[in-house]
Amino acid sequence: MTMTSPAPASAAPAATERHARRSARRRRWMRKHPPLILGAVLLVLVAGLSLAAPWIATHDPQALDPLARLAPPSAAHPFGTDALGRDLFSRVMWGGRASLVVGLTVAVLATSAGVLLGLAAGFVRRADGLVMRLMDGLMAIPDILLAIALMAVTRASLTTVIVAITVPQVPRVVRLVRSLALSLREQQYVEAARALGTRLPVILWRHVLPNMVTPLVVQATFIAATAMLTEALLSFLGVGLPPQIPSWGTMMADGRNFVAVAFHAVLFPGLFLAATVLSVNLVGDGLRDALDPRLSRQL
Amino acid sequence: MRHLLNRVAATLPVMAVVAVLVFLLIHLSPGDPAALIAGDTASADDIARLHAALGLDRPLWSQFLLWAGRLAQGDLGTSIFTHVPVSRLLAQRVEPTLSIALLTMTLAVAASIPLGVLAAHMAGRWVDRLVMLFAVLAFSVPVFLVGYLLIYGFAITLGWLPVQGYVPLSKGVGPWLSHLILPCVNLSLVYTALLTRMTRATVLDVLHEDHIRTARAKGLGVVAVLGHALRCAAIPIVTTIGVGIAFLIGGVVVTETVFAIPGIGRLVIDSVQRHDYPVIQSVLLLSAGLYVLVNLLIDLSYRLFDPRIRA
């Protein structure tokens, strides 16, 4: 048996027309959500710069130059130099990687852990009390203090920073997933699947999880933004990434003692961090409004 | 009364979980807690002595009971680094932290409720857009960067306010307040953004309801209508104030570092670097306790705003 070609010649104009209509609709949709577009463009720009750091950077980010310490911005050093004479432009370009890695990893880890625990709380009656009491306890400790305390008992590394930032974020996801699960559990298609004898993991995977994707993606975006800010905060307070990993937070921590004479050492990494977090927040706000307007009250 | 007791009883399991988590904290770390506390330069002998002194050779449950028992009597332990009781260390540091927290909260509430109501009233117009832009910016710019911008602008360049440090209230209200303005403005920005967004969203919701349309139809003025709406929106707003306490406590740690203020937040950071676990544990416990207490009070205050809420 031979397959007929999917687009016979006579159907071609209709197809292009359909395509044109669809792309017009897409353009209209994009015009309706300027924050989303602005955020996405900004984010792609920052991510692109960080990925291209080896080619953009004018200097080795770790190379010391004792003769050019705390130099103000100039042609040779567009962002100036830090207290050890390292070129800040190159360091800022490289420093984005740490923030982006932390943001992405924490968002994925916290969401995954939150989904597992939240589904357990929502569908397994015996787990509910235990999980939710644990989450209440975790939520009572302020995020930053909990992250600081976790860093206090471990040695500073990229992994420990990621874990310390992830743990305080998990309860938020658990609460969201549990409340979604409680309402989805009552839906007729879930009851029907259960009546047919479908096993719980299959029900969760096929009928429950797909209905949670939108709020979870929005939530994960906000977690990524919070995580990047927290990483910078921890590094700034001296309990974050080890100094040999250039991150915007560690750069600002280095510049802290020289604010009065070399404000640029704090300003440039700070501006890049703020722009990145802003872009992620805009994407989150935009996705929330675009995908599900009802969510805007809950998150 | 029954309602009150139920609410208070509901906080006990939360605090119990917090206590277990805080206790387990030092035991979570890979390796010997005594070695961690003693630091990199300690000899095996030092570590062994510390091991016995901290009771680490007992079984875990017995350590926990001992610790929790002392805690119940109000004994927070002794700082490993300074050998001073933790409660005394905290008492020395509590004034600046409390000053920052209370002033920040006052500023934030005073700014955010009018802003949020205004934004809701003007929804979709440029005033609203501007307020929302401020909110998303405040959430995105790191607190300490704004702090340094404030120091650079108002203290170094203009010379209007002191750069850093803290003056106790007993030395006069003027100097005390002048040292607090920048840190509190700095910290209140994030809190204001959070509260403004919540106020705007809830007031906007209420404005679409029937009783508001009736109020408008019978010719009530804008201010009176917004007043009605605000009262209906009070519960979510007050709840956000309570949840925001966690934000505030975390933010204080950062502001105290930026403005070199010797408060509890600074103490925590110093204690992390000194591996002074009793201090860290106490601060975690107390801040969780404060959070739970404030949210309990807010929970109980709901009936003030909504007479329908009974036991």
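Calculation notes
- Residues numbered from 1 in each chain as written.
- Chains lettered and ligands numbered in written order.
- Predicted model: local features only at pLDDT ≥ 70, side-chain atom pairs only at ≥ 80, totals over all residues.
- Heavy atoms only, no water.
- Helix = DSSP H or I, 4+ residues; strand = E, 2+ residues; numbered from the N terminus.
- Buried < 20%, exposed > 50% of the residue type's maximum accessible area, 1.4 Å probe, protein only.
- Contact = heavy atoms within 4.5 Å.
- Areas by Shrake-Rupley, 256 points an atom, 1.4 Å probe, with all protein chains shown as cover.
- Buried area = accessible area lost by both parts, 1.4 Å probe.
- Salt bridge = Lys/Arg side-chain N within 4 Å of Asp/Glu carboxyl O.
- Polar contact = N/O pair within 3.5 Å; in protein donor to acceptor, adjacent residues only side chain to side chain.
- Nonpolar A, V, L, I, M, F, W, Y, C, P; charged D, E, K, R; others polar.
- UniProt positions renumbered as here; feature names shortened; annotations may be inferred.
- Domains from an automatic or database assignment.
- Arc of directions from axis to C-beta.
- pLDDT = per-residue confidence, 0-100.

**Observations regarding the overall build of chain A**
Across its full length, chain A holds 12 helices and 0 strands. Taking all 299 residues of chain A together, the buried fraction comes to 49%. Taking all contacts inside chain A whose residues are at least 6 apart in sequence as the whole, residues at least 24 apart take part in 70%. As displayed, chain A offers around 14700 Å² of accessible surface, 65% of which is attributable to carbon and sulfur atoms.

**Re the interface of chain B and chain A**
Counting residues at the interface gives 49 residues for chain B, matched by 43 residues for chain A. For the pair chain B and chain A, the two sides together bury roughly 3800 Å², of which 79% comes from carbon and sulfur. Where chain B meets chain A, there are 1 salt bridge. The salt bridge partner of Asp285(A) is Arg197(B), with a shortest N-O separation of 3.2 Å. Our enumeration of links across chain B and chain A arrives at 3 residue pairs in polar contact (both at pLDDT 80 or more). Where the side of chain B that touches chain A is concerned, the elements lending two or more residues are α1 (2-28), α6 (126-140), α7 (143-157), α8 (173-207), α11 (234-258), α12 (264-273) and α13 (277-305) of chain B. Examining the composition of the side of chain B that touches chain A, we find that 9 residues originate from one element, α1(B), more than from any other. For the side of chain B that touches chain A, a count of residues per class yields 37 nonpolar, 9 polar and 3 charged.

**Some words on unusual backbone geometry**
All names here are of chain B. Even without a glycine there, the phi angle at Ala 260 is positive, about 50°. Inspection of the secondary structure assignment puts Ala 260 in the loop between α11 and α12. On the basis of relative accessible area, Ala 260 is assigned to the partly exposed category, the value being 40%.

**Some remarks on the UniProt feature "transmembrane region" (unreviewed entry) in chain B**
Residues and elements named next belong to chain B. Under the UniProt annotation, "transmembrane region" (unreviewed entry) lies at residues 98-118, 130-156, 176-196, 244-265 and 277-298. Taken end to end, residues 98-118 comprises 100% helix and 0% strand; its first and last C-alpha atoms sit 30 Å apart. As annotated, residues 130-156 comprises 93% helix and 0% strand, and the C-alpha atoms at either end are separated by 29 Å.

**Quick look at the domain arrangement of chain B**
Residue and element names in this part refer to chain B. According to the domain assignment, chain B contains domain 1 (2-72) and domain 2 (89-310). With centres defined by C-alpha atoms, the gap from domain 1 to domain 2 works out at 32 Å. Here domain 1 and domain 2 share an interface that buries about 1400 Å² over both sides, 78% of which is from carbon and sulfur atoms. Its largest share of buried area at the contact with domain 2, domain 1 owes to His 3, Met 15 and Val 22, together 30% of the area lost on that side. Inspection of the domain 1/domain 2 interface yields 1 salt bridge. Counting across the interface, domain 1 meets domain 2 through 2 residue pairs in polar contact (both at pLDDT 80 or more). Counting residues per element, the ones that place at least two in the side of domain 1 that touches domain 2 are α1, α2 (33-38) and α4 (60-72).

**Looking at the pattern of salt bridges**
Inspection of every chain in the model, using the stated rule, returns 11 salt bridges over all chains. Of the charged contacts in the structure, one is a salt bridge between Asp299(B) and Arg7(B), with a shortest N-O distance of 2.7 Å. Taken together, the residues Asp299(B) in helix α13 and Arg7(B) in helix α1 connect sequence positions 292 residues apart. When its relative accessible area of 33% is taken as the criterion, Arg7(B) is described as partly exposed. Via salt bridges that share partners, Arg133(A), Asp136(A) and Arg175(A) belong to a single interconnected network.

**What about helix α10 (residues 222-232) of chain B?**
All names here are of chain B. Within α10, burial applies to Val 225, Leu 226 and Ala 229. For α10, the angular spread of the buried residues around the axis is 95°, confining them to a single face. In α10, the exposed positions that point more than 90 degrees away from the buried face belong to Val 223 and Arg 231. If you follow the buried residues of α10, they end up packed against α5 (86-121), α8 and α9 (210-217).

**What about the confidence of the model for chain A?**
When pLDDT is averaged along chain A, the result is 82, and 86% of the positions lie at 70 or above. Counted against residues more than four places away or in other chains, residues 1-9 of chain A, with its pLDDT under 50, gives 0 contacts.

**Observations concerning the environment of Gln281(B)**
Residue and element names in this part refer to chain B. Along the chain, Gln 281 falls in helix α13. The spatial distance from the C-alpha of Gln 281 to the C-alpha of Leu 76 is 8.6 Å, given a sequence separation of 205 residues. In this structure Gln 281 touches Val 22, Phe 23, Ile 26 and Trp 67, once residues within four positions along its chain are discounted.

**So, helix α11 (residues 248-255) of chain A**
The buried count for α11(A) comes to 7 of 8 residues, which makes it a mostly enclosed element. Residues of α11(A) that are buried include every one of Trp248(A), Gly249(A), Thr250(A), Met251(A), Met252(A), Ala253(A) and Gly255(A), and no others. Tucked inside the fold, the buried residues of α11(A) contact α2 (34-51), α4 (88-123), α10 (213-236) and α12 (264-291) of chain A together with α7 of chain B. Sitting at the amino-terminal end of α11(A) is Ser247(A), which places a side-chain oxygen 3.2 Å from the backbone nitrogen of Gly249(A).

**What about the side chain of Ser287(B)?**
If you trace the backbone, Ser287(B) turns up in helix α13. At a separation of 2.8 Å, a polar atom in the side chain of Ser287(B) contacts the main-chain carbonyl oxygen of Val283(B). Setting aside residues up to four positions removed in sequence, Ser287(B) forms contacts with Ala140(A), Pro142(A), Leu145(A) and Ile249(B).

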